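Analysis of the macromolecular model
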Amino acid sequence: MAKVFIFPATSLILSDMVERWGHEALGAATGIRERIQTASLDSPPLQMTPEDPKKGLKYAAVEVPCGVRGRMALYGPMIEEADAAIIINDADLSFGCMGCARTNELVMFMIRQQQGLPVLDIKYPETDDEGFAFVSQIKEFLTGLEGDSDD
């Protein structure tokens, strides 16, 4: 089983597809679930710990808007942990919205900088035929992945 970072990270459809082909999807739902279920979380409405902004500084400079650092505190560790990544370009908002253009740019940069990380980079489909090819490409990519032997 491989750990696959998904982009857009909020896509439940893409997350479901990754899990259907036997892998672990790394996305917003995973990171937020961990924060919500953590008993020691001091500020539930914010779903952040005092350490999160410090983690975000690893990925984004202090001059970057705080929202970017906060998001990167969530996405950065997942990208580093990933065995592979799937990037869907020009996705419809209903497919999954990331909500922050600067974070998106930084996430894409980080994914592409990971040496040896297999990446499926495809365009969101606009027709039925493109939709069938889209699912087929994702399936082919995921079935070709091998997870770490530690799993």
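These remarks concern the structure in this document. (Residues numbered from 1 in each chain as written. Predicted model: local features only at pLDDT ≥ 70, side-chain atom pairs only at ≥ 80, totals over all residues. Heavy atoms only, no water.)

This part is about the sheet that holds strand 1 (residues 3-7). Spatially, the four strands line up as an open sheet ordered 2-1-3-4, and their pairing is parallel. Unpaired on one side and paired on the other, strand 2 (24-26) and strand 4 (119-123) mark the two borders of the sheet. The average angle at which neighbouring strand axes cross in this sheet is 25 degrees, direction not considered. With five bridges joining them, strand 3 (residues 84-89) and strand 4 adopt parallel strand pairing. Across the sheet, residue alanine 85 finds its bridge partner in strand 4, namely valine 119. Along the sheet, helix 1 (residues 12-20) contacts strand 1, strand 2 and strand 3; its crossing angle with strand 1, the most-contacted strand, is approximately 160 degrees. (Pairing = 2+ DSSP bridges. Helix = DSSP H or I, 4+ residues; strand = E, 2+ residues; numbered from the N terminus. Axes fitted to C-alpha atoms, helices over the stretch in contact; angles between N-to-C directions. Contact = heavy atoms within 4.5 Å.)

Summarising the element assignment, arginine 69 is placed in helix 4 (residues 66-81). In this structure arginine 69 is buried but unpaired, with glutamate 63 as the nearest side chain of opposite charge at 7.5 Å. Apart from residues lying up to four places away in sequence, arginine 69 is in contact with Gly56, Leu57, Ala60, Ala61, Val62 and Val64. (Buried < 20%, exposed > 50% of the residue type's maximum accessible area, 1.4 Å probe, protein only. Lys, Arg positive; Asp, Glu negative; His and termini not counted. Salt bridge = Lys/Arg side-chain N within 4 Å of Asp/Glu carboxyl O.)

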